[in-house]
Amino acid sequence: MQRPSLPPSLERADAAESLPRLGGMARPNGVVIVSERCWAFAGTDGSLRTGEMPATRRALRHVPLVRGLVRLGASVSPLFRRSGVARPRERWLLVAAVLAPFAFVFLPERVSLFAGLAITAALITWMLRGRTLHLHGAEHRAIAATEARTLASTWRGDARPSRFSPRCGTNFAALVLPVTFGFERLWVLPTAVFTPVAVTLVSLALTMELWQLVQGSTRRAAKAFLVPGLALQRLTTREPSLDETRVALAAVAAVLELERAH
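Residues numbered from 1 in each chain as written. Predicted model: local features only at pLDDT ≥ 70, side-chain atom pairs only at ≥ 80, totals over all residues. Heavy atoms only, no water.

Caption draft 1: The arrangement of the overall build of the protein in detail. When you go through the protein residue by residue, the secondary structure sums to 12 helices and four strands. Expressed as a percentage of the 262 residues in the protein, the buried residues total 40%. Of the contacts made within the protein by residues no fewer than 6 positions apart, 68% connect residues no fewer than 24 positions apart. In the structure as shown, the protein presents an accessible area of about 15300 Å², 62% of it carried by carbon and sulfur atoms. (Helix = DSSP H or I, 4+ residues; strand = E, 2+ residues; numbered from the N terminus. Buried < 20%, exposed > 50% of the residue type's maximum accessible area, 1.4 Å probe, protein only. Contact = heavy atoms within 4.5 Å. Areas by Shrake-Rupley, 256 points an atom, 1.4 Å probe, with all protein chains shown as cover.)

Caption draft 2: Summary view of the packing of helix H1 (residues 8-15) against helix H12 (residues 242-261). The geometry of H1 relative to H12 is characterised by a closest axis approach of 9 Å and an angle of 70° between their N-to-C directions. Considered as vectors, H1 and H12 are oriented roughly perpendicular to each other. Counted together, Ser9, Leu10, Arg12 and Ala13 of H1 and Leu249, Val252, Ala253, Leu256, Glu257 and Arg260 of H12 form the full contact between these two elements. For the contact of H1 with H12, a count of residues per class yields six nonpolar, one polar and three charged. (Axes fitted to C-alpha atoms, helices over the stretch in contact; angles between N-to-C directions. Parallel < 35°, antiparallel > 145°, perpendicular 65-115°, else oblique. Nonpolar A, V, L, I, M, F, W, Y, C, P; charged D, E, K, R; others polar.)

Caption draft 3: Local environment of the pairing of strand S3 (residues 38-43). Most of S3 sits out of view: six of its six residues are buried. Burial along S3 is two-sided: Cys38, Ala40 and Ala42 facing one way and Trp39, Phe41 and Gly43 facing the other are all buried. Between strand S2 (residues 30-34) and the antiparallel strand that follows it, S3, lie three residues. Here five bridges tie S3 to strand S4 (residues 48-52), and the two strands are oriented antiparallel to one another. Within S4, the residue paired with tryptophan 39 across the bridge is glycine 51. Count of turn residues in the S3/S4 antiparallel hairpin: four residues, of which glycine 46 carries a positive phi of about 95°. (Pairing = 2+ DSSP bridges.)

Caption draft 4: Molecular detail of the sheet that holds S4. Spatial ordering of the open sheet is given by S1-S2-S3-S4, a layout of four strands whose pairing is antiparallel. Each edge of the open sheet carries a strand with a single partner, namely strand S1 (23-27) and S4. When the angles between neighbouring strand axes are averaged without regard to direction, this sheet yields 15°. Along the sheet, H12 makes contact with S2, S3 and S4, crossing S3 at roughly 150°.

Caption draft 5: Structural detail: the pairing of S2. The element S2 is largely enclosed, with a buried count of five among its five residues. Taking every second residue as pointing to the same face, both faces of S2 are buried, with Gly30, Val32 and Val34 on one and Val31 and Ile33 on the other. Two strands pair when backbone bridges link them, and S1 and S2 are joined in this way by five bridges, in the antiparallel orientation. When the sheet's bridge partners are listed, methionine 25 is paired in S2 with valine 32. As paired strands, S2 and S3 are joined by five bridges and run antiparallel to one another. Among the inter-strand pairings, isoleucine 33 is bridged to a residue of S3, identified as alanine 40.

Caption draft 6: Looking closely at the pattern of salt bridges. Evaluation of the coordinates by the stated rule reveals eight salt bridges. Glutamate 257 is the partner of arginine 12 in a salt bridge, and the nearest nitrogen-oxygen pair spans 2.3 Å. Of this pair, arginine 12 sits in helix H1 while glutamate 257 sits in helix H12, and the two are 245 residues apart along the sequence. A relative accessible area of 36% places arginine 12 in the partly exposed class. Judged by its relative accessible area of 32%, glutamate 257 is partly exposed. (Salt bridge = Lys/Arg side-chain N within 4 Å of Asp/Glu carboxyl O.)

Caption draft 7: Fine view of the environment of leucine 151. Note that leucine 151 resides in helix H7 (residues 151-156). Overall, leucine 151 belongs to the buried group, its relative accessible area being 0%. As a C-alpha pair, leucine 151 and aspartate 14 span 137 residues in sequence and 6.3 Å in three-dimensional space. Here leucine 151 is in contact with Leu10, Ala13, Asp14, Ala142, Ala145, Thr146, Leu249, Val252 and Leu256, once residues within four sequence places are set aside.

Dropping the structure here:
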């Protein structure tokens, strides 16, 4: 089997003074890498798809709480867009999983709790199926290589950046749970049909505000908020092979080329 050649964009990136901030997500059959303006999906079968991220109005970027929800929506847009990486059946399944908890308000409290736990467990199992855990580690490694300017050496296998990431969505999920639990206890308005929706949206928005503060802080005390998520990544990632790492690096290379074209 012929060894894949090193994308020239990775060597250029290693020498660049500045690069766009990257994020991503792992799929059972590949890796999505995103920047503020574009995304790329590299498949384990060698396929490559690219697209543009949704534009965000400048005014919304500075509105507390709203900016967090907008950022969350943008981060999952490659999954839900018609030209994205998820098939139509997957998109409908994700939409159903997201909306289902809002219907639990009509169920008895105990039934609602068990139904919510069941759907959450099923969704997590579905999202982490196949090679997702290994490709999740590859996604983190590729982004860490971008930030450390070791893309070329990581492609060759000479460097092996960490598979753990302080900006992983696992860390965000670890913060959402206690924030939501606390906000539910502090909710003082009369309970209504829209209450679960309001609690969920406000909790997500508050968590995003906390997330941004933690990410932007250099204080050690702030980084303590990331400890649960980093520990959880031992379950949500696996050590990737070199081939899996190259899948993620191929997505990085595509995004960097799109950014360069801009």
